[in-house]
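# Summary of structural features
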Amino acid sequence: MLEASELILNADNSIYHLNLLPEDLSDTIIIVGDQNRVAQVSKHFDIIEVKKEKREFITHTGRLKGKRLTVLSTGIGTDNIDIVLNELDALANIDFDSRKIKKEFKQLKIVRIGTSGAVQKDIPVDSYVLSDYALGFDGVLHFYENEGLCDDEFSKAFVEHTNWSNKKPWPYLVKCDETLRERLRSNRIRYGVTGTNSGFYGPQGRKLRLNLQDDTLNDKITSFKYKDLKITNLEMESSAIYGLSKLLGHQAVSLNCIIANRVLGEFSENPRKTINGLIKYTLDKLTE
Ligand code: R1P
């Protein structure tokens, strides 16, 4: 039995941070960073059945073309993803009355619709990247038993190429779910390796008033190549989404709108339009 301090429930038996009851959730879940993006997604639903929120976690569940979908905001960062993935899994796979893990496992399909900056010249602003792999610089996955999950050879090559400081977490590489990837793929999408950083400024090589531990890290990220893989873009959630989904047994794919190109110094003129395009694309694919 999970103690009250470990599986934390609110007075109405909803899960602590997400403020959701098990019946509020579909097994197909779109996660977005920005709270405002939740309504940008759910406005396409034929009907919205559930609207709940707490802190940065806003959830709408509804139906589109007969399919039940949940859209949920995670806020920024892999620390939030640790909360979101564990609580989504608890909603699906833990009985809140008995506080025991259910005998029958329910698999969730999780699709991130995010924004990101490209670190390769040939990935233009306003394009879409599906993360075949996510490379985590954040360290969240190291707190879980994850033997055999990550490609250590890739990590070793990356650490050597970048002269990665051993004061930083060991970068971990996790693959997307292939079945869900197949469902979301098309020739409108580019495929790549998404670096997930533990911050927006220093960790992503942005220098405002503070000096960086390694000024050349972004250049080395751009020039790194392992077999036929290059790091395509940087954001702040995908590694933990992939890692925790794999460990929990759920399917996950991360789709990102490229709203900046860090090599060319460009930023999208209309990021909302680009994000809307990816929302429509994803909803079409999920309801096909
Ligand atoms: C930083 O501005 C935020 O935007 C990106 C990053 O991953 C980070 O969360 O994604 P979202 O637009 O999905 O939040």
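Residues numbered from 1 in each chain as written. Predicted model: local features only at pLDDT ≥ 70, side-chain atom pairs only at ≥ 80, totals over all residues. Heavy atoms only, no water.

### Quick look at the overall build of the protein
- Per the secondary structure count, the protein includes seven helices and 14 strands.
- Seen through its principal axes, the protein has C-alpha atoms that stretch 50 × 40 × 40 Å.
- In the protein, which comprises 288 residues, the proportion classed as buried is 56%.
- Carbon and sulfur atoms provide 48% of the accessible area of the protein, an area that totals close to 13,800 Å². (Helix = DSSP H or I, 4+ residues; strand = E, 2+ residues; numbered from the N terminus. Buried < 20%, exposed > 50% of the residue type's maximum accessible area, 1.4 Å probe, protein only. Areas by Shrake-Rupley, 256 points an atom, 1.4 Å probe, with all protein chains shown as cover.)

### Observations regarding the packing of helix 2 (residues 78-93) against helix 6 (residues 238-248)
- Interhelical geometry of helix 2 versus helix 6 gives an angle of 30° and a closest axis separation of 9 Å. Comparing their axes, helix 6 and helix 2 come out roughly parallel. The hand of the helix 2/helix 6 crossing is right-handed. In this structure, helix 2 uses Thr78, Ile81, Asp82, Leu85 and Asp89 to contact helix 6, whose residues at the interface are Ser239, Ala240, Ile241, Leu244, Ser245 and Leu248.
- Classifying every residue of the contact of helix 2 with helix 6 by side-chain character gives six nonpolar, three polar and two charged. (Axes fitted to C-alpha atoms, helices over the stretch in contact; angles between N-to-C directions. Parallel < 35°, antiparallel > 145°, perpendicular 65-115°, else oblique. Left-handed = near helix turned anticlockwise from the far one by under 90°. Contact = heavy atoms within 4.5 Å. Nonpolar A, V, L, I, M, F, W, Y, C, P; charged D, E, K, R; others polar.)

### Remarks on the environment of Asn211
- Turning to its location among the elements, Asn211 is positioned in the loop between strand 10 (190-196) and helix 5 (217-223).
- According to the relative accessible area criterion, Asn211 is exposed, its value standing at 68%.
- Separated by 43 residues in the primary sequence, Asn211 and Lys168 place their C-alpha atoms 16 Å from one another.

### Here's the deal with the pairing of strand 10
- By the criterion of burial, strand 10 is predominantly enclosed, with five of the seven residues buried.
- Of the strand pairs in this sheet, strand 8 (residues 128-136) and strand 10 are connected by seven bridges, and their pairing is parallel. Within the sheet, the bridge partner assigned to Tyr133 lies in strand 10 and is Val193.
- In this structure, strand 10 lies alongside strand 12 (residues 229-235), joined through four bridges in parallel fashion. Following the sheet pairing, Val193 is matched in strand 12 by Ile231. (Pairing = 2+ DSSP bridges.)

### A closer look at the UniProt feature "domain: Nucleoside phosphorylase" (unreviewed entry) in the protein
- The sites that UniProt annotates as "domain: Nucleoside phosphorylase" (unreviewed entry) are residues 29-262.
- For residues 29-262, the helix share is 25%, the strand share is 35%, and the end-to-end C-alpha distance is 30 Å. (UniProt positions renumbered as here; feature names shortened; annotations may be inferred.)

### Regarding the site of the ligand
- Looking at the ligand, the residues that line it are Gly33, Asp34, Arg37, Ile76, Arg112, Gly114, Thr115, Phe200, Glu235, Met236 and Glu237.
- Residue Thr115 places a side-chain N or O atom 2.6 Å away from an oxygen atom belonging to the ligand.
- Side-chain polar atom of Glu237 to an oxygen atom of the ligand: 2.5 Å apart, as the coordinates give it.
- If you map the ligand onto the pockets, it falls in the largest pocket.
- Looking at the shell around the ligand element by element, the count peaks at three residues for strand 7 (residues 109-118). (Near = heavy atom within 4 Å. Polar contact = N/O pair within 3.5 Å; in protein donor to acceptor, adjacent residues only side chain to side chain. 1 Å grid on protein atoms, 1.4 Å probe; cavity = no way out; pocket = protein on both sides within 12 Å on 5 of 7 lines; lining within 4 Å. Sits in = over half its atoms within 2 Å of the grid points.)

### Some details on unusual backbone geometry
- With a phi close to 60°, Arg99 is a non-glycine residue in the positive phi region.
- With respect to the element layout, Arg99 can be found in the loop between strand 5 (94-95) and strand 6 (100-101).
- Here Asp126, not a glycine, exhibits a phi torsion of approximately 80°, which is positive.
- Within the secondary structure, Asp126 is located in the loop between strand 7 and strand 8.
- A relative accessible area of 37% means that Asp126 is categorised as partly exposed.

### A short note on the nonpolar core
- Counting residues in each nonpolar core, the largest one holds 57 residues, and the members touching the most others are Leu18 and Leu88.
- Each residue touching Leu18, except ones within four places of it in the same chain, is listed here: Phe57, Leu72, Val84, Glu87, Leu88 and Leu91.
- With 17 residues, the next largest nonpolar core counts Val119, Phe158, Trp164 and Ile231 among its residues. (Core = buried A, V, L, I, M, F, W, Y, C linked by side-chain atoms within 4.5 Å.)

### Side note on the pattern of salt bridges
- Considering all chains together, one arrives at 13 salt bridges under this definition.
- Residue Glu49 pairs with Arg63 through a salt bridge whose shortest N-O separation is 2.9 Å. Of the two residues, Glu49 sits in strand 2 (residues 47-54) while Arg63 sits in strand 3 (residues 57-64), which places them 14 residues apart along the sequence.
- A residue is classified by how much of its surface remains accessible, and Glu49, at 37% relative accessible area, is partly exposed.
- Linking Arg112 and Glu235 is a salt bridge whose minimum nitrogen-to-oxygen distance equals 3.1 Å. Of this pair, Arg112 sits in strand 7 while Glu235 sits in strand 12, and the two are 123 residues apart along the sequence.
- We classify Arg112 as buried; its relative accessible area is 3%.
- In this structure Glu235 comes out as buried when scored by relative accessible area, which is 3%. (Salt bridge = Lys/Arg side-chain N within 4 Å of Asp/Glu carboxyl O.)

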